[in-house]
Amino acid sequence: MSRDNDLVICPVCDSLYRVNAADRTRPARCGQCGYRLVLGKPDAIASVVGMALAAAILMAVVVFTPFLQLTAGTFTSRASVLDVVLAFQSDIMVPLSISVLAFIVLLPLARFAFLTYALMPAVFDRAPLPGAAVSLRWAFQLKPWAMAEIFMVGVAVALVKLSGMATLTMGPAFWAFVAVVLLNAYGDALMCRTTLWSAVSKPRP
Amino acid sequence: MSNNIMVRRIKAAPVITARAAGLVGCQICGKVTQLGETRCPRCYAKLRSRDGHSLQKVWAWMIAGLIAYIPANIYPMLITTQAFQRQEATIVGGVIDLIHYGSYGVAAIVFIASVLIPVGKFLVIGYLAWILRRPHKLDPHRLHLFYEIVEFIGRWSMIDVFVVAILVALVRFGILATINPGIAAVCFALSVVFTMLAAQSFDSRLIWDRIKRG
Ligand SMILES: [Zn+2]
Ligand SMILES: [Zn+2]
């Protein structure tokens, strides 16, 4: 029944469980499929919000400062992340440009914003803001499409490809991006579904 | 009515599904509600006790991904113009170039991301969709492991698209050297997106429902 707030399903195999407040403090897996139902990190909310805020601020550094600089003899070329995004400019390549912008900047930023909006009140023991649950849902659903960490591996490959022909210098945006990727990985490891969802579903007055 | 969570990973535990209990669970947030509800009362996600069209959607996205993957391999990914010499490189061509430079590690990364993962993904998704048409006797844990690998690894294929974007943005030395993106970059990106959608359309609950016991 919907009034039973302790009931939880395993999203993988549909098994039904009862998880009470005490159960949320210890990690537990689904008995049928082994899915990690509870990560057992009840204090993770503050860290997740902190990660999201820090990563969002660093993202501004990423967008507005130089990313990489390439020097070959007397020639120098400098690329910001926006230049990378706009690399596919010719006609049919434009949609690809927009997708790259979404994958590496917009969607990661959107996730940080959704997480902050949904969980910030819980950090200060306030009731969730309207739409907090929908906001948290988007943070989860966008996860596979936010590809900052994949972009970073792409950068590493490109650096190796170019190392023979030119000298490369990393700009502030490069290091900021590395920090965003690390923060993001740290936050995702703390995102215990049971804990986060119970934070946005406090009973309304 | 339901198992207590205190049972920590006991494989033999008699598990009841939400569907068997006359309930439907939200796959995003885990909230349980009455069977027949169409939206999750908490996060407003669409609720489906089981997605009857899951396999059709999987096939459709997978075929779209396969169709996009063919031109992605035939046409050039990168067009390099160096001192009036125009050079085109396909995905596999790019890997071979890296081997010639002696960058074996990076060649391996690009080969795995652009060839092994996509091809493996087509095979695994096809295999799962084929097996799950009807009840089966295979170990669901193994099938689920396959599915998880595909879902987790698929997005990493995007590496090569980002490499192209970075090279194009950086290498703009006029007549000395310029790199332009080839049409294969678009096809390859589409192929990755389509196969990601194929993996997401897959209703993992099918793996656990259709075990023929005994
Ligand atoms: Zn399960
Ligand atoms: Zn929900």
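Residues numbered from 1 in each chain as written. Chains lettered and ligands numbered in written order. Predicted model: local features only at pLDDT ≥ 70, side-chain atom pairs only at ≥ 80, totals over all residues. Heavy atoms only, no water.

Let us look at the overall build of chain A. Helix and strand content of chain A: 7 helices and 7 strands. Going from N to C terminus, chain A has its helices and strands arranged as β-β-β-β-α-β-β-α-α-α-α-β-α-α. Once local pairs closer than 6 in sequence are excluded, the contacts in chain A between residues at least 24 apart make up 62%. Here chain A has roughly 8800 Å² of accessible surface; of this, 65% comes from carbon and sulfur atoms. (Helix = DSSP H or I, 4+ residues; strand = E, 2+ residues; numbered from the N terminus. Contact = heavy atoms within 4.5 Å. Areas by Shrake-Rupley, 256 points an atom, 1.4 Å probe, with all protein chains shown as cover.)

Within chain B, the secondary structure is distributed over 7 helices and 6 strands. Element order for chain B, N to C, with α for helix and β for strand: β-β-β-α-β-β-α-α-α-α-β-α-α. For 214 residues, the compact-globule formula gives about 17 Å, and the C-alpha radius of gyration of chain B, at 23 Å, lies well above that figure. Oriented by its inertia axes, the alpha-carbon framework of chain B measures out at about 75 × 35 × 35 Å. Buried residues in chain B amount to 52% of all 214 residues. Of the contacts made within chain B by residues no fewer than 6 positions apart, 63% connect residues no fewer than 24 positions apart. When the accessible surface of chain B is split by element, carbon and sulfur atoms take 64% of a total near 10300 Å². Averaged over its 23 positive side-chain charges, chain B has a centre that lies 9 Å from the centre of its 10 negative ones. (Rg over C-alpha atoms; globule rule 2.2 N^0.38 Å. Buried < 20%, exposed > 50% of the residue type's maximum accessible area, 1.4 Å probe, protein only. Lys, Arg positive; Asp, Glu negative; His and termini not counted. Charge placed at Lys NZ, Arg CZ, Asp CG, Glu CD.)

Residues and elements named next belong to chain A. For chain A, the assigned domains are domain 1 (1-38) and domain 2 (42-200). Each side of the interface is counted separately: domain 1 has 7 residues, and domain 2 has 5 residues. Approximately 520 Å² of surface area, both sides summed, lies buried where domain 1 meets domain 2, with 61% of it carried by carbon and sulfur atoms. Between domain 1 and domain 2 we count 0 salt bridges in total. At the junction of domain 1 and domain 2, the tally comes to 2 residue pairs in polar contact (both at pLDDT 80 or more). (Domains from an automatic or database assignment. Buried area = accessible area lost by both parts, 1.4 Å probe. Salt bridge = Lys/Arg side-chain N within 4 Å of Asp/Glu carboxyl O. Polar contact = N/O pair within 3.5 Å; in protein donor to acceptor, adjacent residues only side chain to side chain.)

Moving on, we get to the coordination of the zinc ion (ligand 2). For the zinc ion (ligand 2), every protein donor is listed as Cys 26 of chain B (SG), Cys 29 of chain B (SG), Cys 40 of chain B (SG) and Cys 43 of chain B (SG), and the spread of their distances is 2.3 to 2.4 Å. Coordination at the zinc ion (ligand 2) is tetrahedral, judged from the 4 donor atoms that bind it and the angles of 103 to 116° they form at the metal. (Donors = N, O, S within 2.8 Å, 3.2 Å for Na, K, Ca; no water. Tetrahedral: all angles 85-135°; square planar, octahedral: opposite > 155°, others 65-115°.)

All names here are of chain A. If you check helix 1 (residues 44-64), its first and last C-alpha atoms are 31 Å apart, about what 21 residues at 1.5 Å a residue would give, namely 30 Å. Among the residues of helix 1, Ala 44, Ile 45, Val 48, Val 49, Met 51, Ala 52, Ala 55, Met 59, Val 62 and Val 63 are the ones counted as buried. For helix 1, the arc enclosing every buried residue in end-on projection is 155°, short of the 170-degree limit, so these residues lie on one face. In helix 1, the exposed positions that point more than 90 degrees away from the buried face belong to Ile 57 and Phe 64. Those residues of helix 1 that are buried are in contact with helix 2 (81-85), helix 3 (94-123), helix 6 (172-190) and helix 7 (193-200). (Expected span 1.5 Å × (residues − 1). Arc of directions from axis to C-beta.)

Applying the stated criterion across every chain yields a total of 13 aromatic pairs over all chains. Within the aromatic cluster, the residues linked to one another by ring pairs are Phe 67, Phe 151, Phe 174, Trp 175 and Phe 177 of chain A together with Phe 162 of chain B. Positioned above the aromatic ring of Trp 130 of chain B, the side-chain terminus of Arg 133 of chain B is 3.7 Å from the ring centre. (Phe/Tyr/Trp six-rings, centres within 6.5 Å; stacked < 30°, edge-to-face > 60°. Lys NZ or Arg CZ within 6 Å of the ring centre and 35° of its normal.)

So, about the pattern of salt bridges. Under the criterion given, the structure shown has 8 salt bridges over all chains. The partner of Asp 14 of chain A in a salt bridge is Arg 50 of chain B, and the shortest N-O contact between them spans 2.8 Å. One end of the pair, Asp 14 of chain A, is in the loop between strand 1 (7-9) and strand 2 (16-18); the other, Arg 50 of chain B, is in the loop between strand 3 (32-34) and helix 1 (54-74), on a second chain. We classify Asp 14 of chain A as buried; its relative accessible area is 2%. Of the charged contacts, one joins Lys 57 of chain B and Asp 51 of chain B as a salt bridge, the two residues approaching to 2.8 Å between their closest N and O atoms.

Think of it this way: four donors in a tetrahedron around the metal ideally sit 109.5 degrees apart, and six in an octahedron ideally sit 90 or 180 degrees apart. All names here are of chain A. Those donors, Cys 10 (SG), Cys 13 (SG), Cys 30 (SG) and Cys 33 (SG), are the protein atoms that reach the zinc ion (ligand 1), and they lie 2.3 Å from it. Coordination at the zinc ion (ligand 1) comes from 4 donor atoms whose angles at the metal span 100 to 116°, giving a geometry best classed as tetrahedral. Site description for the zinc ion (ligand 1): donor spacing in sequence, C-x2-C-x16-C-x2-C. When sorted by exposure, Cys 30 lands in the same class as Cys 33, which is buried.

A low pLDDT means the predicted coordinates there should not be read in detail. Residues and elements named next belong to chain B. Per-residue confidence for chain B averages 86 on the pLDDT scale, and 91% of its residues sit at or above 70. By mean pLDDT, strand 1 (residues 3-4) is the weakest element of chain B at 50, and helix 1 is the strongest at 95. Note that pLDDT drops below 50 for residues 5-13; the model gives that stretch 21 contacts with residues more than four away or on any other chain. The ipTM assigned to the predicted complex is 0.89, against a pTM of 0.89. (pLDDT = per-residue confidence, 0-100.)

Further remarks concern the packing of helix 3 of chain A against helix 4 (residues 132-141) of chain A. Residues and elements named next belong to chain A. Orientation of helix 3 relative to helix 4, taken along the N-to-C sense of each, is 150°, at an axis distance of 8 Å. Relative to helix 4, the element helix 3 is oriented roughly antiparallel. Every pair of crossing elements has a handedness; the one defined by helix 3 and helix 4 is left-handed. Of helix 4, the residues touching helix 3 (which contributes Arg 111, Phe 114, Leu 115, Tyr 117, Ala 118 and Leu 119) are Ala 132, Ser 135, Leu 136, Trp 138 and Ala 139. In terms of residue class, the contact of helix 3 with helix 4 is made up of 9 nonpolar, 1 polar and 1 charged. (Axes fitted to C-alpha atoms, helices over the stretch in contact; angles between N-to-C directions. Parallel < 35°, antiparallel > 145°, perpendicular 65-115°, else oblique. Left-handed = near helix turned anticlockwise from the far one by under 90°. Nonpolar A, V, L, I, M, F, W, Y, C, P; charged D, E, K, R; others polar.)

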